[in-house]
Structure formats: C-alpha cells, structure tokens
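A structural walkthrough
The chain contents come next:
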Amino acid sequence: MGTETKFVQIIDIETDRMEEMRALVQETDKRLAGRDGGPTHRLVLQDRNQPNRFLVVIEFESYDEAMRNSDDPETSRMAEQLASMCTRPPSFTDCDVREMTELK
C-alpha cells in the first residue's frame, strides 16, 4: 500500500437536524472503534450564508480503504439514516489528495 494516494470524500448536505446527525455518527464511531480501515479524519464545515448547509470532509488512507468502508453494511445503514435526516439528497465529491501542507 505504501505509495497509495490519500482519498477524500466531500459530502454536501442540508439539514435542520445536525445535532441528531452528530449523535448518530458518534454512536457509530464508538461501535466501530478499533476496526481496521475506515476514515482517518473528519471535518464538518457549516456554510455561514446558508446555516442549514454543511460540507463533511472525510479522509481515508486510500480510495480502496474508502470503498471497503462504503461496502460495510454498518456504513450503509448509517448513511441511509443520515440521508433521511437531510432536507435534500446529499451530494458526493470524490477526490484524490495531491498536496497537504501544515501551515503553522
């Protein structure tokens, strides 16, 4: 695996139930703790101009890891539950990470 490119998925959602969504994700994170693969980072951004719009940035070690995670029944179940809390269907953007720089 060593030279594989990190992979990021950006999920664009609209919801007025973000606290419920956050609780579901935290509950699932606890259940899956210690499992191999899965996301390595999650960043949740709220749109200042549209407060019910969020961008969720999820990083994986590789595209293959992301696809394994996506195929997991637990992930599918959580995704269906999260989608049901959205006011419009979520949209997904798949990205290969080309550069990451710490600017501190």
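Residues numbered from 1 in each chain as written. Predicted model: local features only at pLDDT ≥ 70, side-chain atom pairs only at ≥ 80, totals over all residues. Heavy atoms only, no water.

1. Here's the deal with the nonpolar core
With 16 residues, the main nonpolar core has Ile13, Met21 and Leu82 as its most contacted residues. Residues contacting Leu82, with those up to four places away along its chain left out, are Met21, Leu24 and Val25. (Core = buried A, V, L, I, M, F, W, Y, C linked by side-chain atoms within 4.5 Å. Buried < 20%, exposed > 50% of the residue type's maximum accessible area, 1.4 Å probe, protein only. Contact = heavy atoms within 4.5 Å.)

2. Observations concerning helix 2 (residues 63–71)
Turning to helix 2, its buried residues number three or more, namely Glu65, Ala66 and Asn69. Angular distribution of buried residues about the axis of helix 2 spans 100 degrees; they occupy a single face of the element. (Helix = DSSP H or I, 4+ residues; strand = E, 2+ residues; numbered from the N terminus. Arc of directions from axis to C-beta.)

3. Let's talk about the sheet that holds strand 3 (residues 53–60)
Taken in spatial order, the four strands line up as 2-3-1-4 in an open sheet, and their pairing is antiparallel. Single-partner strands in this sheet number two, and they are strand 2 (41–46) and strand 4 (91–96). Averaged over neighbouring strand pairs, the angle between their axes works out to 15 degrees when direction is ignored. Taken together, the eight bridges between strand 1 (residues 7–14) and strand 3 define a ladder with antiparallel strand orientation. Note that in strand 3 the partner of Ile13 across the bridge is Phe54. Its contacts with the sheet put helix 1 (residues 18–32) on strand 1, strand 2 and strand 3, and the angle it makes with strand 2 is roughly 175 degrees. (Pairing = 2+ DSSP bridges. Axes fitted to C-alpha atoms, helices over the stretch in contact; angles between N-to-C directions.)

4. Quick notes on the side chain of Gln9
Along the chain, the position of Gln9 falls in strand 1. Relative accessible area serves as the criterion here: at 18%, Gln9 is assigned to the buried category. A polar side-chain atom of Gln9 sits 2.9 Å from a polar atom in the side chain of Asp94. In contact with Gln9, not counting residues within four places along its chain, are Val56, Val57, Ile58, Phe92, Thr93 and Asp94. (Polar contact = N/O pair within 3.5 Å; in protein donor to acceptor, adjacent residues only side chain to side chain.)

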